[in-house]
Amino acid sequence: MQHLCKPWEHRLSRRAWLGGMSAAGTAAASGLPFDVAFGEELAKQKKQVLFVWIDGGMSQYESWDPKPNSQFGGPFRPIQTSVPGIQVCELMPRSAKIMQHLCVVRGMCTQDNSHSAGVPRIQRGDPKNRGVTYPFFGSSVAKLVGNQGTGLPAYVSIKPGNGGFIYQDAGFLGPQFGAVAFGDGKPPENMARPESVSEADEELRQSLRVKADERYRLRRRPGSAEANGYVFESARELMRQQSLFDLSKVDPRDRERYGDHEFGRHMLLARRMLETGITFVKVTSYGWDTHGDNFNGHASLMPRYDQAFASIVEDLQERGMLDNVLVITMSEFGRTPRINGHVGRDHFPEAWSLAMSGRGVKRGLTVGKTNAKGTAVEGDAYDIGHMFHTWFAALGIDSAKTQFDNHGQPLPIAHDDMHAVKEVLA
Amino acid sequence: MTPELKAKFTPKAAKKPLELPQQFLSACFSPTGVFLLAGSMEGQVGRWSLVPDKPEPELAEKPPLTGLTAWVSACACLPDGKLAVAADSFGNLACWSYCDDAAEPIWKVENAHDGWIRCVIVSADGQKIATCGRDGRVVFWSADGKKQSEIKVGGDLSEIRFAPDGKSLFAGSLEGKVSQWELAGSTKVREFDAGLLFKPNRLQDVGGVRAMAVSSDGSLLLVGGTQPENGGNVQGKPTVLAFDVATGELKKKAELGAGGDVYVTDLGWHPDGCWLVTTSGNPGQGKFLCWRVEDEQPLSETKLSNCHAVRQHPSGKWFALLTTNAGSNGNGKVVDKDGQYRGNSSPLVVMTFPTT
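(A) Geometry of the overall build of chain B. For chain B, the helix and strand inventory stands at 1 helix and 30 strands. Judged by the C-alpha coordinates and their principal axes, chain B covers about 55 × 50 × 45 Å. Counting all 356 residues of chain B, 59% fall into the buried class. Per element, the accessible surface of chain B, about 13,900 Å² overall, is 49% carbon and sulfur. When the 37 basic and 40 acidic side-chain charges of chain B are each reduced to a single mean position, those positions are 2 Å apart.

(B) Expanded view of the environment of Gly332 of chain B. Residue placement: Gly332 of chain B occurs in the loop between strand S29 (319-322) and strand S30 (348-352). Its relative accessible area of 2% is what places Gly332 of chain B among the buried residues. When neighbours within four sequence positions are excluded, Gly332 of chain B is seen to be in contact with Asn113, Thr336, His347, Phe348, Pro349 and Glu350 of chain A together with Tyr341 of chain B.

(C) Up close: the side chain of His342 of chain A. Along the chain, His342 of chain A turns up in the loop between strand S10 (334-335) and strand S11 (347-348). Here His342 of chain A falls in the buried class, since its relative accessible area comes to 2%. A polar contact is formed between the side chain of His342 of chain A and the backbone oxygen of Gly281 of chain B, at a distance of 3.4 Å. Here His342 of chain A is in contact with His291, Gly292 and Asp293 of chain A together with Asn233, Val234, Gln235, Val262, Tyr263, Gly281, Asn282, Pro283 and Asn306 of chain B, once residues within four sequence places are set aside.

(D) Structural view of the sheet that holds S29 of chain B. Read from one edge of the open sheet, 4 strands run S1-S30-S29-S28 (chain B), paired in antiparallel fashion. Each having just a single partner strand, strand S1 (12-13) and strand S28 (309-312) of chain B make up the two edges of the open sheet.

(E) Looking closely at the nonpolar core. Residues and elements named next belong to chain A. Residues Leu50, Trp64, Phe263, Met267, Met273, Val281 and Tyr305 are the most contacted members of the largest nonpolar core, which totals 61 residues. When residues in this core are grouped by element, the largest group, 11 residues, is from helix H11 (residues 294-318). For Met273, the contacting residues outside a window of four places in its chain are Val156, Ile158, Phe182, Leu244, Phe245, Ile278 and Val281. Membership of the second largest hydrophobic core comes to 50 residues, among which are Met108, Tyr134, Tyr155 and Ala179.

(F) Molecular detail of helix H12 (residues 384-394) of chain A. Residue and element names in this part refer to chain A. By the criterion of burial, H12 is predominantly enclosed, with 10 of the 11 residues buried. Within the span of H12, buried status applies to Ile384, Gly385, His386, Met387, Phe388, His389, Thr390, Trp391, Phe392 and Ala394. On its buried face, H12 sits against strand S1 (48-54), strand S4 (102-108), helix H5 (115-123), helix H6 (137-145), strand S9 (325-330) and strand S12 (352-358).

(G) Here's a closer look at the interface of chain A and chain B. Every contact between the two is made by 47 residues of chain A and, on the other side, 44 residues of chain B. Together, the buried faces of chain A and chain B total about 3,700 Å²; carbon and sulfur atoms form 52% of this surface. It is Arg77, Arg338 and His342 of chain A that lose the most area in chain A upon contact with chain B, and together they represent 20% of the buried surface on that side. The tally of links from chain A across to chain B stands at 4 salt bridges. With its nearest N and O atoms 2.7 Å apart, the salt bridge here joins Asp114 of chain B to Arg77 of chain A. Looking at the side of chain A that touches chain B, the elements that each hand over two or more residues are helix H10 (262-276), H11 and S11 of chain A.

(H) Inspection of the sheet that holds strand S7 (residues 179-183) of chain A at higher detail. Residues and elements named next belong to chain A. One open sheet accounts for 9 strands, arranged S6-S7-S5-S8-S1-S9-S12-S4-S13; its pairing is mixed. The sheet terminates laterally at strand S6 (164-166) and strand S13 (365-367), the two strands that pair on one side only. The average undirected angle you get between the axes of adjacent strands in this sheet is 20°. Here S4 runs beside S12; their pairing, made up of 5 bridges, is antiparallel. Note on S12: the bridge partner recorded for Val104 is Ala355. Where H5 meets the sheet, its contacts fall on S1, strand S8 (280-285), S9 and S12, and the angle it forms with S1 comes to roughly 165°.

(I) Inspection of the pairing of strand S16 (residues 177-182) of chain B at higher detail. Residue and element names in this part refer to chain B. The sheet contact formed by strand S15 (residues 168-173) and S16 spans 5 bridges and is antiparallel. Counterpart to Leu169 in the pairing with S16 is Trp181. Turn length for the S15-S16 hairpin, with the two strands adjacent in sequence and antiparallel, is 3 residues, and the turn residue Gly176 shows positive phi of about 80°. Between the antiparallel neighbours S16 and strand S17 (residues 187-193) lie 4 residues, among them Ser186 with a positive phi of about 50°.

(J) Structural context of the pattern of salt bridges. Per the counting criterion, the structure on display carries 50 salt bridges over all chains. Residue Asp65 of chain A is joined to Lys67 of chain A by a salt bridge in which the shortest nitrogen-to-oxygen separation is 3.7 Å. Grouping residues by exposure puts Asp65 of chain A and Lys67 of chain A together as buried. Here Arg292 of chain B makes a salt bridge to Asp295 of chain B, at a shortest N to O gap of 2.9 Å. Residue Arg292 of chain B shares its accessibility class with Asp295 of chain B, and that shared class is buried.

Cut-offs and rules
Here the residue numbers are simple positions, counted from 1 along each chain's written sequence. The naming scheme follows written order: chains are lettered A onward, ligands numbered 1 onward. This being a predicted model, a pLDDT of at least 70 is required before a residue's local features are given, and a value of 80 or more before pairs of side-chain atoms are given or counted; all residues contribute to the totals for chains, interfaces and linings. Remark: hydrogens and water are excluded; side-chain values derive from all non-hydrogen atoms of the structure. Helix numbering and strand numbering both begin at the N terminus, where a helix is a DSSP run of H or I of at least 4 residues and a strand a DSSP run of E of at least 2. Type-normalised accessible area, obtained with a 1.4 Å probe on protein chains alone, sets the label of each residue: buried when under 20%, exposed when over 50%, and partly exposed for intermediate values. Residue exposure ignores everything except the shown protein chains as possible cover, and the areas themselves are Shrake-Rupley values with a 1.4 Å probe. Residues scored as charged are limited to Lys and Arg (positive) and Asp and Glu (negative), so that His and the chain ends carry no count. In plain terms, the charge of a residue is placed at NZ if it is Lys, CZ if Arg, CG if Asp and CD if Glu. The contact criterion used is simple: two residues touch if any of their non-hydrogen atoms lie within 4.5 Å. Think of a polar contact as two N or O atoms within 3.5 Å of one another; within protein, one of them needs to be a possible hydrogen donor and the other a possible acceptor, and neighboring residues in sequence only count if both atoms come from side chains. Pairing between two strands is assigned when DSSP locates at least 2 bridges connecting them. Put simply, a nonpolar core is a bunch of buried Ala, Val, Leu, Ile, Met, Phe, Trp, Tyr and Cys residues held in one set by side-chain atoms that sit within 4.5 Å of each other. Simply put, the buried area is the total loss of 1.4 Å probe accessible area from both parts when two parts are fitted together. We count a salt bridge whenever a side-chain nitrogen from Lys or Arg sits within 4 Å of a carboxyl oxygen from Asp or Glu. In this analysis, axes come from line fits to C-alpha atoms, helices being fitted only over the stretch in contact, and the angle between any two N-to-C directions falls in the range 0 to 180 degrees.

Remember, this is a structural readout, not a statement about activity or role.
Now the structure itself:
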């Protein structure tokens with residue numbers, strides 16, 4: 001029995017949406033203060049996700065789960081947060097001040113300690129092996145929630161390095177649910193309509209393309225033809241939203257708050273994309289695989305991460321958007337308690353932390369815990385499958401009843417033996 | 001460089017390393033050479049006394065000195081033969097009478113710095129203790145723990161050294177900046193360009209000054225670190241920069257290993273005429289080198305697993321090297337044959353030169 005979400009279950013009225021899009025797009029593009037009332041209206045209706053991927057493995061000791069004065073605790077002090085009784089590492093003072101908005105899961109225990117297998121395994125939710133390639137969380141949300149009438153890609157990725165269309169993320173869902181990646185936070189090349197081509201000529205070209213697509217569709221598998229059309233349409237919509245990428249129009253105080261560095265700029269761009277209504281925005285930060293010099297590494301990595309992460313959560317809260325944007329920040333695993341000879345920490349999936357905020361999530365708490373030295377989870381341990389159920393639930397998707405349809409093969413959207421973590425859900 | 005010279009500076013190791021139970025970051029001998037103190041990653045200053053009349057150095061463990069927390073990154077003995085100071089990564093500074101059995105400090109300054117104190121040194125006359133750390137300050141203390149003055153240098157200060165005449169101080173940071181400060185007026189007199197040892201990589205500041213030494217006549221400043229290639233799992237060639245103190249000019253850049261050897265971790269002068277250099281890189285990789293500024297190649301090179309510090313015994317007859325046990329790394333919860341997840345340790349390697 002299929003329980004796929006129906007498009008109309010998520011759709012705003014076109015008129016309301018276009019009105020909202022216009023306001024959001026104008027505000028975001030102009031750098032003017034976002035209309036708070038409009039943000040609150042969005043919050044009631046939209047489902048969005050900000051997924052902050054810290055690639056390589058953030059150390060839980062130097063972030064969300066400090067173990068001061070213990071064998072493996074490291075050199076940094078714990079600091080009090082805005083929530084009595086919860087401490088984090090001194091390297092994240094701004095996140096400490098917004099702990100009332102955050103939910104930190106300290107009881108993560110996952111299965112893979114390698115990057116090559118672990119990254120996709122985690123981002124696909126590590127379901128039971130059924131001989132198919134599961135979609136990344138972003139692709140799943142793109143499928144189950146859609147672009148909610150924006151015309152924009154449902155799943156975008158802001159990352160260092162190359163951009164392009166990352167169809168591999170979509171797995172069996174088919175390429176149209178892949179990620180549109182903005183390499184180095186830049187729009188795709190040649191996105192702007194050349195000045196020599198008039199708007200009318202552009203429309204003529206597009207109508208010709210649609211006809212060609214139609215012929216192409218008749219001779220191809222439906223998935224690839226749909227994906228092509230989808231990418232073209234998304235690209236056209238992006239052409240109209242180019243100013244999104246121009247951070248020079250953003251209030252300089254915002255640029256300073258987020259930080260004049262790669263991650264800060266990408267997180268600021270992510271906020272603007274969320275303001276424009278994109279369903280799933282993923283931001284990736286590279287360079288966290290601190291097998292060597294872990295502590296000096298985190299001493300500069302963490303404050304920059306903290307600056308941008310806390311800024312975007314504050315901004316989403318201030319704009320009334322935190323009730324509709326599910327915020328997740330995590331890596332593929334944590335780092336070892338044991339400190340190696342290169343003064344580094346290695347990969348440790350056995351006991352680590354992630355943090356959440358926003359839509360459907362309780363705020364101002366920690367869930368799960370590790371032992372005094374941080375070497376193991378005490379009590380309930382959570383695998384990534386538990387988190388997928390939890391995130392779907394936070395987005396209002398019943399993971400027990402909703403299934404993917406893989407060419408007639410019904411597939412659960414998250415690991416069938418796992419469940420949502422009730423303590424996390426609002 | 002003659003074969004005789006190479007032979008003279010090729011060290012030999014004592015029969016087996018002294019097993020230290022924790023991971024240690026810093027060490028110092030008492031002026032008489034009877035005590036060895038070492039700061040650990042677990043808030044202790046380990047204390048050992050030299051067993052007399054042994055053919056090879058042998059240490060007897062004494063009760064550790066307590067009162068600090070987290071990482072004890074630096075320790076130093078005063079020249080009076082009685083007192084030692086050490087500092088921790090939570091910003092505390094403490095002093096002990098290490099010859100006594102008592103473990104508690106005789107004085108302690110809490111929050112001497114805002115966070116990690118990375119280096120503690122004592123002036124030759126014992127009148128000044130200087131500390132530096134992540135808060136970018138160099139603070140001067142009297143031997144009884146009273147703050148005397150401070151210099152706001154800036155940056156994440158990793159190393160400080162007094163000039164031999166005691167009138168100025170050199171400060172190096174993890175941002176690769178090195179400067180010399182006149183103590184009388186707290187004024188900066190010179191900068192040295194060690195930017196080669198620093199690289200911003202994505203969000204990470206990589207490298208910086210990891211070791212520093214001044215020649216006994218005060219004419220040469222040696223700065224050690226790496227030429228960083230990347231962040232994360234830091235790689236780079238261990239490198240020493242030798243500066244002319246009078247002019248600030250770079251006299252020599254010496255690469256003392258390959259990309260996986262990474263950091264020069266310590267520098268010390270041996271009175272027979274060479275620099276003692278330690279390196280630590282990827283787990284298991286490390287070296288102890290004897291090197292002269294005028295030579296292109298080291299006089300000798302001994303492989304040691306992640307060598308973090310070298311300290312000469314005051315007798316001049318031997319030196320101690322802080323290393324890390326082999327097999328110190330590994331992903332996941334690696335347990336031993338008893339099913340225990342154990343931390344690493346710091347074997348103390350004792351070495352001598354043939355002529356001593």
